[in-house]
Amino acid sequence: MSQPKPATQASAGHLLRLIRRGQAGTRGELQRVTGLSRSTVSARLDQLFRAGWVREHAGDPVADPTGGRPAVRLEFDGSHAVVLVADLETRHARAAVLDLNGEVLAEHSGRLLIDDGPVVVLDRLASWFVELLAKAGTGLGLVCGVGLSVPGPVDFGSGEIVQPPMMPGWDGFPVRAELRAALVRHGGERTAERLPVLIENDANVMAYAEQRLGFPDCSAFLLVKVGTGIGAGVVVDGEMYRGIDGGAGDIGHIRLSGFPDALCRCGSYGCLAAVASGRALAEQLTAAGVPVASGSGVRDQLAIGQPDAVRLARAAGRQVGEVLATVVTLLNPGVLVIAGDLAGPPFLTGVRELLYQRAMPRITAELQVVTGRLGDRAGLAGAGAMVVEYLYAPDRADARLGRV
Ligand SMILES: [Zn+2]
C-alpha cells in the first residue's frame, strides 16, 4: 500500500519558502518534501519563474543518486527587486538600497536629528532614498518595500511609534503615509503611494539581524543596545518577540533605586537610561573633565582607552547587568549580544560581573555574553531581512503572485 501524502499546504508561496530556507533545492526534492505531483510542482514553479522570484542556478547541476539526469538547482533570485532601508538614530541616520539577499547596492550615512520631527526627517530620508536608487542604477519602480529602524517603541501592526521618550513629535504620527508622500514628491513615481513600509524598534531589528547571521540555531536570543538610550530585542524561534503592542524590551525606563536625581528623557527620575546610557555617560564624562557631546563621543574615548571612560563604562555595565539578571532569568537565552556605542570590553565586563553574581548559575552556565558581529550595519541588515521575510512569507507571497 502506498504511503498517504504528507498533509502539507503546497502553494507557490510554500514552495518558495522551502527553496529560500534550503529545505528543497530541485524539482525532485520539492516533490518529495511536499508530496505534490511533478506536474503540480512544475505549474507552481512556473508562477515563481514568471514573477522572476526563482531561477535555475547556472552553476553545477546536482548529481542524481539514482543515476538519472543531473537535476538543475533552484534558487531565490535576490536581484528581481530592491528594498529601501534606514536606521534612524537620535542624531544620525544610515540609509541603503539592498537587494533581496541583503547585499548593499548603495549606502549613505549622515547627520539627521530625530528631534527635528517626522516631517523634516522623513522628507530628508526620502531625498536620500531617491539619490541612492539612482546611485544603485535602479528606480522606485523596482522597490518592493521599505524598512525603518527607529529608536522608540513601535506598534508593528499600525506602524505607529508609541510614546517614544527620545522622539519628540513622533508619537502616533502616520510615518508610513508621510514617507510614501515624500517619496512621491522626490521620486515622482506614484507607485510609491502603495509601497509597503515596515517600521520597527531598533533593538528588535538589530537582534533579528544578529541572530540570523551569527546564531541561527539559538532559539532564545537577547540583544541589548546601549546608545543614546537603552533597549532590548528578543528573538524566539527565529521570530521577533514584540509583546502585545511593541513594548517588549523597553528596559531603559526601569527605575533603579539610588539615583533619585537622575532625570530621564521620559520625565521620570532614576531610569536605567538616565544612569547608564551613552547619553548619561557623556554627561558623566564631561563632569569628570573630558568634554564629550554624545554617546558616540564616549565611544571615541573608549576606543583610545581613556581611563575615566573605561571606569564609567564598566560601572554602567554593572547597572545594566543588574536589570539583565531579571531579564535573563525570565527568558533563559543562549546568547546575550551587547550592541551600540558602549559595546566593548569594559561594559561587557561590568555586565558579566553583575549577571554572574545576581542570576542563578543554572541560568548563566550556558549563556554567551558577546558583542555583535554586524556592528553599525545591524540596523540596516535587520530592516532589510524584516521586509523580505514579511513580503515573501507564503500567504503574502501567494497574494502578491496573484497580482503579478
Ligand atoms: Zn526614563
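Residues numbered from 1 in each chain as written. Predicted model: local features only at pLDDT ≥ 70, side-chain atom pairs only at ≥ 80, totals over all residues. Heavy atoms only, no water.

1. A closer look at the overall build of the protein chain
A count of helical and extended segments in the protein chain gives 14 helices and 14 strands. Computed over its C-alpha atoms, the radius of gyration of the protein chain comes to 23 Å, within 12% of the 22 Å expected for a compact globule of 404 residues. A principal-axis box enclosing the C-alpha atoms of the protein chain has dimensions of 75 × 55 × 40 Å. Each of the 404 residues in the protein chain was classed as buried or not, and the buried ones make up 50%. For the protein chain, the share of sequence-separated contacts (at least 6 apart) that also reach a separation of at least 24 residues comes to 61%. (Helix = DSSP H or I, 4+ residues; strand = E, 2+ residues; numbered from the N terminus. Rg over C-alpha atoms; globule rule 2.2 N^0.38 Å. Buried < 20%, exposed > 50% of the residue type's maximum accessible area, 1.4 Å probe, protein only. Contact = heavy atoms within 4.5 Å.)

2. Observations concerning the coordination of the zinc ion
Donor atoms from the polypeptide that bind the zinc ion are His-253 (ND1), Cys-264 (SG), Cys-266 (SG) and Cys-271 (SG), placed at 2.0 to 2.3 Å. Around the zinc ion, the four donor atoms sit at angles spanning 102 to 124 degrees, and that spread fits a shape best called tetrahedral. Coordination of the zinc ion draws on donor residues from a single chain, spaced H-x10-C-x1-C-x4-C in sequence. With a relative accessible area of 8%, Cys-264 lands in the buried category. Taking the relative accessible area as the measure of exposure, Cys-266 reaches 34% and is therefore partly exposed. (Donors = N, O, S within 2.8 Å, 3.2 Å for Na, K, Ca; no water. Tetrahedral: all angles 85-135°; square planar, octahedral: opposite > 155°, others 65-115°.)

3. As for the UniProt feature "domain: HTH iclR-type" (unreviewed entry) in the protein chain
The UniProt feature table records "domain: HTH iclR-type" (unreviewed entry) at residues 14-56. Between the first and last C-alpha atoms of residues 14-56 the distance is 18 Å; the span itself is 67% helix and 7% strand. (UniProt positions renumbered as here; feature names shortened; annotations may be inferred.)

4. Things to note about the sheet that holds strand S10 (residues 220-226)
Strands sit in the order S12-S11-S10-S13-S14 across an open sheet of five strands; the sheet is mixed. Every other strand in the sheet has two partners, leaving strand S12 (239-240) and strand S14 (368-371) as the edge strands with one partner each. Two strands pair when backbone bridges link them, and S10 and strand S13 (residues 335-339) are joined in this way by five bridges, in the parallel orientation. Within S13, the position partnered with Val-224 by the bridge is Ile-338. (Pairing = 2+ DSSP bridges.)

5. Regarding unusual backbone geometry
Positive phi is not limited to glycine here, since Asp-237 has a value of about 50 degrees. For Asp-237, the location among the structural elements is in the loop between strand S11 (230-236) and S12. In this model, Asn-332 sits at a positive phi of 50 degrees, which is unusual for a non-glycine residue. Along the polypeptide, Asn-332 turns up in the loop between helix H10 (307-331) and S13. With a relative accessible area of 39%, Asn-332 lands in the partly exposed category.

6. Brief notes about the pairing of strand S9 (residues 197-201)
Taken across its five residues, S9 has five buried, putting it largely inside the fold. The alternating pattern of S9 places Val-197, Ile-199 and Asn-201 on one face and Leu-198 and Glu-200 on the opposite face, and all of these are buried. Judged from the five bridges that link them, strand S6 (residues 143-150) and S9 form a sheet pairing that is parallel. Of the residues in S9, the one forming a bridge with Val-146 is Val-197.

7. Side note on the domain arrangement of the protein chain
Accessible area lost on assembly of the parts is the figure often given for the size of an interface. One can read the domain layout of the protein chain as domain 1 (7-76), domain 2 (82-203 + 380-401) and domain 3 (214-374). Computed from C-alpha coordinates alone, the two centres of domain 1 and domain 2 are separated by 32 Å. The interface of domain 1 with domain 2 comprises 12 residues on the first partner and 11 residues on the second. Counting the surface lost from both domain 1 and domain 2, the interface buries some 980 Å², and carbon and sulfur atoms represent 65% of this. (Domains from an automatic or database assignment. Buried area = accessible area lost by both parts, 1.4 Å probe.)

8. Structural notes on the sheet that holds strand S4 (residues 92-99)
The pairing of strands in a sheet happens through backbone hydrogen bonds and is either parallel or antiparallel. On the basis of which strands lie adjacent, the open sheet formed by five strands has the order S5-S4-S3-S6-S9 and mixed pairing. Only two strands of the sheet have a single neighbouring strand rather than two, namely strand S5 (104-111) and S9. Across the sheet, the axes of successive neighbouring strands diverge by a mean angle of 15 degrees, strand direction being ignored. The sheet contacts of helix H6 (residues 202-214) involve S6 and S9, and relative to S9 the element is tilted by about 95 degrees. (Axes fitted to C-alpha atoms, helices over the stretch in contact; angles between N-to-C directions.)

9. Section: the environment of Gly-102
Mapped onto the elements of the fold, Gly-102 is located in the loop between S4 and S5. Separated by 145 residues in sequence, Gly-102 and Gly-247 have C-alpha atoms that sit 27 Å apart.

10. Notes on the nonpolar core
Counting 43 residues, the largest nonpolar core has Val-224, Leu-324, Leu-336 and Leu-355 as its most contacted members. For this core, the secondary structure elements donating two or more residues are S10, S11, helix H7 (272-276), helix H8 (278-287), helix H9 (295-303), H10, S13 and helix H11 (345-358). Ignoring anything within four residues of it in the chain, the contact list for Leu-336 reads Leu-222, Val-224, Leu-324, Val-351, Leu-355, Leu-367, Gln-368, Val-369 and Val-370. (Core = buried A, V, L, I, M, F, W, Y, C linked by side-chain atoms within 4.5 Å.)

11. Observations regarding the packing of aromatic side chains
Using the criterion set out here, one finds four aromatic pairs in the structure. On the numbers, 5.3 Å between centres and 75 degrees between planes, the contact of Phe-76 with Tyr-392 is edge-to-face. Of this pair, Phe-76 sits in strand S2 (residues 74-76) while Tyr-392 is found in the loop between helix H13 (378-391) and helix H14 (394-403), placing the two residues 316 residues apart along the sequence. In this structure, Phe-76 and Tyr-392 share a single accessibility class: buried. What links up through ring pairs into an aromatic cluster is the set Trp-53, Phe-76 and Tyr-392. Over the face of the ring belonging to Phe-156 we find Arg-242, whose NZ or CZ atom lies 3.8 Å from the ring centre. (Phe/Tyr/Trp six-rings, centres within 6.5 Å; stacked < 30°, edge-to-face > 60°. Lys NZ or Arg CZ within 6 Å of the ring centre and 35° of its normal.)

12. Thoughts on H10
Taking 1.5 Å as the rise per residue, H10 with 25 residues should run 36 Å; its terminal C-alpha atoms sit 34 Å apart, in good agreement. N-cap assignment for H10: the residue whose side-chain oxygen lies 2.8 Å from the backbone N of Asp-308 is Gln-306. Remark: Asn-332 follows H10 within two positions and exhibits a positive phi of approximately 50 degrees. (Expected span 1.5 Å × (residues − 1). Polar contact = N/O pair within 3.5 Å; in protein donor to acceptor, adjacent residues only side chain to side chain.)

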